[in-house]
Amino acid sequence: MSTQAEQTGAAAEETFPYERKCPFSQPEQYAQFADEPVKQVPLTTGLKVWAVTGHENMRQLLTDPRTSASRKEANFPFYFDAPPEFRTETSFIGYDPPEHTKVRRKAAVTFTNRRVQMLRPQIEKIVDEAIDAMIEQGPGVDMHHALSLPVPMTVICLLLGIPYEDHEFFQVNGTTLLGGTATMAERQAALVDVNDYLFDLVAKKEKEPGDDLLSRAIAEYRESGEEYEARDLVNLCRLLMNGGHETTASMISLGTACLLEHPEQLEQLKADPELIGPAVEELVRYLTIGDAAVPRVATDDIELAGATIRKGDGILCLGLTANRDAEVFEDPDELILARGNRRHFGFGHGLHHCIGADLARLELQLVWGRLFERIPTLRLAKPFQEIRSKERAIIYGLWGLPVAWDE
C-alpha cells in the first residue's frame, strides 16, 4: 500500500506537473518559460493555471492586492479537492486582508527576532540532545528521522507551551503526519489524536495561561473583546506544526546532503563559523524547497510580463526560477555560501512572507553549526543518487538521509 505522502503529499503534490529529479538544479521543463515568463500551464488535475517565473514578476505578483490566497476560491491551484482534514482555510495562510492581518498579528508577537533569540539556549539544547541520540545510534543512522524531524517538532512544542512529557507524543504523531512513511489510515488516525490533544490544550491554556503562543493569542482575543472558537486556535497550532516542521526538517536533511556534496564549500564553513548566517541564506536560495508553495487566484484582471491574467484564474509562482534568476544573483546555479544574499524568496514575499523565518534561520544555523562541529567527519552512507527525493512534493526534500562518520 502506498503512503499518503506518496499519493498526494497532503492532497496537493499530484497536481504539480514538474519533477525535480536533481535537487540541485532547475527542472528541465522550466526552460519553456525563457521566452514566455508568464504563461498558462495544465496541472495534472486538468486545471489550467498561470505559471509566474522570474524574480521581478514574482515580486510584482506577490505584492499585488488583486491576488487572493484563499483556499475557497474555485480555481485555487491546490487543495480544492482535498479532504476536509487536510484543508487550511481556517488559518491565516488562507486568509486575505483584513482578516489575515488581524489573525496573523496574534501569532506574530511570538516570532519577533528578539523573542526568537531569547529561545537560542533552549533550541541549542534541543539540537545537542538530538545529535547525542544520533551519535548513540552510530554510523549508518537515518539522520532525517534521528535529527531533522525531531528538532523542529520539539521547538514547536516549546512555542506552543506543550508540557515536556508530551513531546514524544508530538514527535511520534508529527513523524506519522509529515515524515512520509505512514499510510492514509495512519495519518488520519494521528490527525484525530493531535486535534483532540490540541482542543484539550486550548481549554487548559484558557484556564491556566503561561508564557507561550497559545496563551498570548487567547489573551489578545480577550483584551480586544473579539469572539473566537477553539477551532481557530487549533488550526493555528496545526499551521505552525505543518509549516514549521516539514519545511525546516526538509531543509535540514537536503541542506546537509547539499553541503556534503559540495565539500569545498563545506570546508569553508568549518573553517569560519561566522559564515553560518550567509550559508543558511544561500542554502535556502539554492534549494528553494517550497518551489511551488505559493499559489494564488486573481481577484481582478492583471497585466504581467505581456500576459493578461483574468479575474478568477489560478496562479502558481515557481520560486526556483526567481531564486536562480541571473539578473539578481550572479552565477545563480552555483552554491556560494559566502553570497548571503537575502533577496531570495525562500521564505516567501509580501503579506504572506513566512512568519517563522527568523526562527527557521536560527534552527538551521544551530543545527549545521553544531552538527559539523561535533561530527566533523560526517558523510553520506550511500551515493546521493541512491537517496530517494520527493519528486513532485510541494515541499521538496528527501525521504531519508543515511549518514556515517569516523568513530
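See above for the structure.
Nothing here was measured: the structure is a model prediction, and the numbers come from that model.

1. Overview of the overall build of the protein
In terms of helices and strands, the protein carries 15 helices and nine strands. Each principal axis of the C-alpha distribution contributes one length, and for the protein these read about 60 × 55 × 45 Å. Scored against the burial criterion, the 407 residues of the protein give a buried share of 55%. Once local pairs closer than 6 in sequence are excluded, the contacts in the protein between residues at least 24 apart make up 72%. When the accessible area of the protein is evaluated, it comes to approximately 17500 Å², of which 49% is carbon and sulfur surface. For the protein, the distance from the average site of its 42 positive side-chain charges to the average site of its 64 negative ones is 4 Å.

2. Here we look at the nonpolar core
Within the largest apolar cluster, 90 residues are counted, with the highest numbers of intra-cluster contacts made by Met134 and Trp368. When residues in this core are grouped by element, the largest group, 14 residues, is from helix H11 (residues 230-260). Excluding anything up to four places from it in sequence, Met134 contacts Val141, Met143, Ala146, Leu147, Leu371, Ile375, Leu378, Val403 and Trp405. Counting 16 residues, the second largest nonpolar core, distinct from the first, contains Val38, Trp50, Ala298 and Leu304.

3. What to know about the pairing of strand E7 (residues 314-317)
Burial along E7 is two-sided: Gly314 and Leu316 facing one way and Ile315 and Cys317 facing the other are all buried. One ladder, built from four bridges, connects strand E2 (residues 48-52) with E7; its direction is parallel. If you follow Trp50 over to E7, its bridge partner there is Ile315.

4. Details of the layout of surface pockets
Over the atoms, a rolling probe the size of a water molecule traces out where space has been left empty. Here the largest pocket defines a volume of roughly 410 Å³. In terms of lining, the largest pocket is formed by 16 residues, of which the most central are Glu129, Thr154, Tyr164, His167 and Gln171. Contributing elements (two or more residues each) for the lining of the largest pocket: helix H5 (120-137), helix H6 (143-148), helix H7 (150-160) and helix H8 (167-178). No other element matches the five residues that H5 contributes to the lining of the largest pocket. Partitioning the lining of the largest pocket into residue classes produces seven nonpolar, five polar and four charged.

5. A closer look at H5
With 18 residues, H5 extends 26 Å between its outermost C-alpha atoms, agreeing within 8% with the 26 Å of an ideal straight helix rising 1.5 Å per residue. For H5, every residue scored as buried is listed here: Ile123, Ile126, Val127, Asp128, Ala130, Ile131 and Met134. Within two residues after H5, Gly138 carries a phi angle of roughly 90°, on the positive side.

6. Structural notes on the environment of Leu259
Mapped onto the elements, Leu259 comes out in helix H11. Judged by relative accessible area, Leu259 falls into the buried class, the value being 0%. Once the C-alpha coordinates of Leu259 and Leu269 are considered, the two residues, ten residues apart in sequence, prove to be 9.3 Å apart. The contacts of Leu259, once residues within four sequence positions are left out, are Leu266, Leu269, Leu283, Leu337, Trp368 and Phe372.

7. Overview of the packing of aromatic side chains
Each pair of aromatic rings is reported with the distance of its centres and the angle of its planes. According to the stated counting rule, one finds five aromatic pairs in the structure shown. A centroid spacing of 6.3 Å and a plane angle of 70° characterise the contact between Tyr30 and Phe33, whose relative ring orientation is edge-to-face. Assigned by exposure class, Tyr30 and Phe33 land together as buried. The ring of Phe329 carries the charged tip of Arg285 above its face, separated from the ring centre by 5.3 Å. Taking NZ or CZ as reference, Arg324 lies 4.3 Å from the ring centre of Tyr286, over its face.

8. Some words on the side chain of His55
Note on placement: His55 falls in helix H2 (residues 55-62). Assessed through its relative accessible area of 5%, His55 is described here as buried. Discounting chain neighbours no more than four positions away, the residues touching His55 are Ala322, Asp325, Val328, Phe329, Arg343 and Phe345.

9. What to know about the pattern of salt bridges
One pass over the full model with this rule turns up 19 salt bridges. Salt-bridge contacts for Lys205 lead to Asp212; the nearest nitrogen and oxygen are separated by 3.0 Å. The same class applies to Lys205 and to Asp212, which are both buried. The salt bridge involving Glu267 is made with Lys270; its shortest N-O contact spans 3.6 Å. Within this pair, Glu267 and its partner Lys270 are both found in helix H12 (residues 263-271), separated by three residues, close to a single helical turn.

Quick notes on the rules
- Residues numbered from 1 in each chain as written.
- Predicted model: local features only at pLDDT ≥ 70, side-chain atom pairs only at ≥ 80, totals over all residues.
- Heavy atoms only, no water.
- Helix = DSSP H or I, 4+ residues; strand = E, 2+ residues; numbered from the N terminus.
- Buried < 20%, exposed > 50% of the residue type's maximum accessible area, 1.4 Å probe, protein only.
- Contact = heavy atoms within 4.5 Å.
- Areas by Shrake-Rupley, 256 points an atom, 1.4 Å probe, with all protein chains shown as cover.
- Lys, Arg positive; Asp, Glu negative; His and termini not counted.
- Charge placed at Lys NZ, Arg CZ, Asp CG, Glu CD.
- Core = buried A, V, L, I, M, F, W, Y, C linked by side-chain atoms within 4.5 Å.
- Pairing = 2+ DSSP bridges.
- 1 Å grid on protein atoms, 1.4 Å probe; cavity = no way out; pocket = protein on both sides within 12 Å on 5 of 7 lines; lining within 4 Å.
- Points joined across faces, edges and corners; volume = space filled by probe spheres on them.
- Nonpolar A, V, L, I, M, F, W, Y, C, P; charged D, E, K, R; others polar.
- Expected span 1.5 Å × (residues − 1).
- Phe/Tyr/Trp six-rings, centres within 6.5 Å; stacked < 30°, edge-to-face > 60°.
- Lys NZ or Arg CZ within 6 Å of the ring centre and 35° of its normal.
- Salt bridge = Lys/Arg side-chain N within 4 Å of Asp/Glu carboxyl O.

Scope: geometric values only; no functional claims are made or implied.
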